[in-house]
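# Topology and contacts: notes
This is what each chain is made of:
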Number of protein chains: 2
Amino acid sequence: MRIVLGVLGTIFFGCLPNNTSAQTNKPNFIIILTDDQGYNDLGSFGSPLIRTPNIDKLAKEGLRLTSFYAQPICGPSRTALLTGSYPLRVAEVNNTKRSHPMVHPDEILLPEILKEVGYRSACIGKWDINGHKQDFEQEELLPTRMGFDYWFGTPSSNDRGINVVYRNEKIIASKITVDTITQIYTSEALEFIDKNKANPFFLYLAHNMPHTRLGASKEFKGKSKFGLYGDAIEEIDWSVGEIKQKLIDLGIEDKTIIVFTSDNGPWRARGTHGGSSFPLRGNKISTWEGGVRVPCVIWGGDNLKSGIVSDQVTSTMDLFPTFASLAGASLPDTLTLDGQDITSLLVTNGRSSELEELYYYYVDTHLQAVRSGEWKLVLPRPRAPEWIPFAKKSLWRHEDMEAVRAMELYNLKNDVGERRDVAQDHPDIVQRLYELITNARSEIGDYNIIGQGARFYDNGERRPDVKNWQSKSIDSIDRNIKLHPFYNDGARNL
Amino acid sequence: MRIVLGVLGTIFFGCLPNNTSAQTNKPNFIIILTDDQGYNDLGSFGSPLIRTPNIDKLAKEGLRLTSFYAQPICGPSRTALLTGSYPLRVAEVNNTKRSHPMVHPDEILLPEILKEVGYRSACIGKWDINGHKQDFEQEELLPTRMGFDYWFGTPSSNDRGINVVYRNEKIIASKITVDTITQIYTSEALEFIDKNKANPFFLYLAHNMPHTRLGASKEFKGKSKFGLYGDAIEEIDWSVGEIKQKLIDLGIEDKTIIVFTSDNGPWRARGTHGGSSFPLRGNKISTWEGGVRVPCVIWGGDNLKSGIVSDQVTSTMDLFPTFASLAGASLPDTLTLDGQDITSLLVTNGRSSELEELYYYYVDTHLQAVRSGEWKLVLPRPRAPEWIPFAKKSLWRHEDMEAVRAMELYNLKNDVGERRDVAQDHPDIVQRLYELITNARSEIGDYNIIGQGARFYDNGERRPDVKNWQSKSIDSIDRNIKLHPFYNDGARNL
């Protein structure tokens, strides 16, 4: 999983018209990350009810990734995106592992790497890698202390509305309505682009929408065919259109890459205020495809081939090394990333044989499955594992976290809905994928194993809970899970 | 809701080539009813994963009804289909109202009406209007005592496999595998058609699939992209193709009407063994659209216009009066039906202004909503009403039976997913639809009211439970339901 950085940046953007200096040769990066938006909740990903013409146009002009993975819950997903690594590898304050990580200040984040080669970076929107808190007990965890030159947004999610808004290191508003948040973020984003048009920039626009509580401005409220949830997404689509137009107005559209994606699957527990992962199985918090496979569109002006759809396995973790590569940045030799540089995918027809098609499905600290190419191996597990702290809370309504009796194998190429376990037919493939699991447990870790490659900077106990969990052998869990007799009927969660 | 029978049968089938006698002028009827198949689980209703070329071809050559309603659970749905009435109107043994009805032998069923004008009728498949029992304590409840000349099938569902198979009034097999049931039924159906090619017939083919336990024969097992559930449906599609080919081989395809539909929404509680109602809200047992709106295809050889899609409000209850009309049968003056004769819809372009677009959403004895045209009014209710006996059983996983705080209004034309309550914007429409509710409570009944039009033949107490429920005023329930404070976030079932 060590990445190799090359000079693909110059291949990709070598044809830019104003290629007069190393500085102008560096592309700008914009990541637009939505919150709890489902795989199906874009027109270009199959929604029959939500209209997203601006994003669909980006997809038509650029690249649509249909096997793009995030993590199954907000905080870990943002951790993976900003560090290029599985959250379980990433160091946390006090050496613990939280459902919502408190990322260690010593971790290297994407904007820090880009800063070395002249980029200015802004985080506009939701942060949420400081332990899901609304304040900063440790100021080292502020975005402005972790690589971003500018921050405007909220420390955590808007479960109970937006309680506090920061600009850089100061609270500038509290208890603002969720209805206007997308407009405010858009205005901030446009201003940042304007101010930085002459230098390379990285804009990380992390919307609060469509996480509940939902809101939309009066121009969008009541207008979609999918309720307030659809309104919120249609307003985000408007925002994407504004940003693209700004790039065109400034003449920098061909030197800017936009990545549009979501942080995890839809929050079905929120009923009509949640989205859809159709036709995938599962939702937010689960490691069925619907929990972690998210819509992804990558657009690069005239530099990306038009209308390509790629099913190659990719993830939010790939953005870190890919952007570093395109920017000509170098990474510390000591830094091991899980993401890989997918530049070759961007400049080809959407498929690159040099990339490893691998993804490990973690919930919190729990390794539940692995994908290798078209195959996915799902490990046995009890319904509500005691080592997933939120598993027993009814609020989560994680209905797809049902018990898994024995190892299950799915062919995601033929069976994207994970309906048919074919483990019995392919013992060789099960064996091969289980070896990958063993590798991951050894290198990254599992709920009861600290990975050799996991980063823990502080002295003292590492992962306080591990000792207790170690009393259970993974092998005994893999083999001895008993299910209710109704299991054979397909009944779940009994 | 009284129906008027005319001579539309001769309009519809007057152009038949062999129109030499009253007898041959009568069309044959085939109803193919599946069990727990979701709105989305046909290619022609949007499934991206289940292949149903034969049914899709029927739809392409005939009529696809997109607002066609059943009842939300098996037994009541079959009761409605066979009696042309809401189950709450229908008399039951011992004057009670069961979740799975035990239909009174004095009720008039569709085959009895058709018998009067020379039809021979067969029920092949699942019966389930005898109180969801595997045996017949009362032989009067056998299909052969209630109008069918022939029965081959199972008394109830296959929750735990197929325990017993009847031919007419005798058990001929027990504990047979579910894998071959679709093939066996198809063979029986083809034989019945063969034997009755010279006389008008009514074939009611009520598949056990795709209700769990699922099964498929070796030709179909493992072949679909939607697991065993998809295999089962693809085998049903094969069965439809066999039946259509038989009609063609016998030269009776232009005098036969095939109706293909499902008995209720998908049983999502069965996980990967359940189907999909996408993009509708809800599933089996709920009265959100996904629980009761089912796929429906009507095909009539060259007599039906090709490829028409109609969103007109129709239901399984309409088949009784429509078939009676087409067959030239007369109904007893004293019989009040809830279904209406939709022959005019079949012979027009899929829309008939003379039809009333009305549907009442009942679960068991509980009236929960009404649809009038494009509008649906949903009544307030607690999450698990004590008057729905199965509401508290965890097995049902009726996640969409959440509490409803106040009356909600949906525009199903603009908002098929029932995402946006617009009751506040349209008090006049709420008022109009609430008057329809009042009519239904008075005529058909509710959990605590016996409808004036409800049929109770036996002496003695009527609806034993009613007295207890009457202590609660409907008005007080309509107004005073309190929800968890998270409701405003869209969180449900807390």
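Rules used in this analysis
Residues numbered from 1 in each chain as written. Chains lettered and ligands numbered in written order. Predicted model: local features only at pLDDT ≥ 70, side-chain atom pairs only at ≥ 80, totals over all residues. Heavy atoms only, no water. Helix = DSSP H or I, 4+ residues; strand = E, 2+ residues; numbered from the N terminus. Buried < 20%, exposed > 50% of the residue type's maximum accessible area, 1.4 Å probe, protein only. Areas by Shrake-Rupley, 256 points an atom, 1.4 Å probe, with all protein chains shown as cover. Salt bridge = Lys/Arg side-chain N within 4 Å of Asp/Glu carboxyl O. Pairing = 2+ DSSP bridges. Axes fitted to C-alpha atoms, helices over the stretch in contact; angles between N-to-C directions. Contact = heavy atoms within 4.5 Å. Parallel < 35°, antiparallel > 145°, perpendicular 65-115°, else oblique. Left-handed = near helix turned anticlockwise from the far one by under 90°. Phe/Tyr/Trp six-rings, centres within 6.5 Å; stacked < 30°, edge-to-face > 60°. Lys NZ or Arg CZ within 6 Å of the ring centre and 35° of its normal. Expected span 1.5 Å × (residues − 1). Arc of directions from axis to C-beta.

Before going further, it helps to spend a moment on the overall build of chain A. Secondary structure summary: chain A contains 12 helices and 18 strands in total. When the 494 residues of chain A are sorted by exposure, 66% land in the buried category. Taken as a whole, chain A presents about 17100 Å² of accessible surface, with 48% of it coming from carbon and sulfur.

Our focus in this paragraph is the pattern of salt bridges. Within this structure, the stated rule accounts for 56 salt bridges over all chains. Between Glu 137 of chain A and Lys 133 of chain A there is a salt bridge, with the nearest N and O atoms lying 3.8 Å from each other. We note a salt bridge from Glu 234 of chain B to Arg 51 of chain B, for which the minimum N-O separation is 3.0 Å. Linking Glu 234 of chain B in helix H6 (residues 227-250) with Arg 51 of chain B in the loop between strand S1 (28-34) and helix H2 (53-61), this pair joins segments that are 183 residues apart in sequence. You can call Glu 234 of chain B buried: its relative accessible area is 7%. What you see here is one network of salt bridges that share partners, running through Asp 35, Arg 78, Lys 126, Asp 128 and Asp 263 of chain A.

The next thing to look at is the sheet that holds S1 of chain B. Residues and elements named next belong to chain B. Here we have 10 strands laid out as an open sheet, ordered S7-S6-S5-S4-S8-S1-S9-S10-S2-S11, and mixed in their pairing. In this open sheet, the two edge strands, each paired with only one partner strand, are strand S7 (170-176) and strand S11 (308-310). For this sheet, the mean inter-axis angle between neighbouring strands, taken without regard to orientation, is 15°. As defined by bridge partners, strand S9 (residues 256-262) adjoins strand S10 (residues 296-299) across 4 bridges and the pair is classed as antiparallel. Following the sheet pairing, Thr 261 is matched in S10 by Cys 296. On the sheet, H2 packs against strand S2 (63-65), S9 and S10 and is oriented at approximately 65° with respect to S10. Seen against the sheet, helix H8 (residues 319-327) touches S1 and S9 and runs at an angle of roughly 165° to S1.

This paragraph deals with the pairing of strand S6 (residues 162-167) of chain B. All names here are of chain B. Pairing geometry for strand S5 (residues 150-153) and S6, over 2 bridges, is antiparallel. Bridging from a neighbouring strand, Gly 153 pairs with Tyr 166 of S6. In this structure, S6 lies alongside S7, joined through 5 bridges in antiparallel fashion. Residue pairing across strands places Val 165 opposite Ala 173, the latter belonging to S7.

Let us now look at the packing of helix H5 (residues 181-195) of chain B against H6 of chain B. Residues and elements named next belong to chain B. Running from N to C, H5 and H6 point in directions that differ by 15°, and their axes come no closer than 10 Å. Accordingly, the angle class assigned to the pair H5 and H6 is roughly parallel. Seen from above, H5 lies across H6 with right-handed handedness. Touching Thr 182, Gln 183, Thr 186, Ala 189, Leu 190, Ile 193 and Asp 194 of H5 are Glu 235, Ile 236, Trp 238, Ser 239, Glu 242, Ile 243, Lys 246, Leu 247 and Leu 250, all from H6.

The next thing to look at is the side chain of Ser 239 of chain B. Residue and element names in this part refer to chain B. Along the chain, the position of Ser 239 falls in helix H6. Among the residues examined, Ser 239 registers a relative accessible area of 1% and is labelled buried. Apart from residues lying up to four places away in sequence, Ser 239 is in contact with Thr 182, Thr 186, Leu 205 and His 207.

A few words on the packing of aromatic side chains. Residues and elements named next belong to chain A. Overall, the coordinates contain 45 aromatic pairs over all chains when judged by the stated rule. Geometrically, the ring pair formed by Phe 202 and Phe 323 is edge-to-face, given 6.5 Å between the ring centres and 70° between the ring planes. Here Phe 202, found in strand S8 (residues 201-206), pairs with Phe 323, found in helix H8 (residues 319-327); they are 121 residues apart in sequence, far enough to count as distant. Seen from the ring of Phe 45, Arg 64 lies directly overhead, with NZ or CZ sitting 5.2 Å from the centre.

With that out of the way, let us pick up helix H6 (residues 227-250) of chain A. Look at H6 of chain A: 35 Å from first C-alpha to last across 24 residues, which is about the 34 Å you get at 1.5 Å a residue. With 18 of 24 residues buried, H6 of chain A lies mostly within the body of the structure.

Now for helix H10 (residues 427-443) of chain A. Residues and elements named next belong to chain A. Here H10 is 17 residues long and its end C-alpha atoms lie 24 Å apart, about the 24 Å a rise of 1.5 Å per residue gives. Within H10 the residues assigned to the buried category are Ile 429, Val 430, Leu 433, Tyr 434, Leu 436, Ile 437, Ala 440 and Arg 441. Down the axis of H10, the buried side of the element spans an arc of 155°, and every buried residue falls inside it. Counted as exposed and oriented over 90 degrees from the buried face of H10: Pro 427 and Asp 428. Backbone geometry just downstream of H10 places Gly 445 in the positive-phi region, at approximately 115°.

Take it as geometry only, folks, not as evidence of what the structure does.
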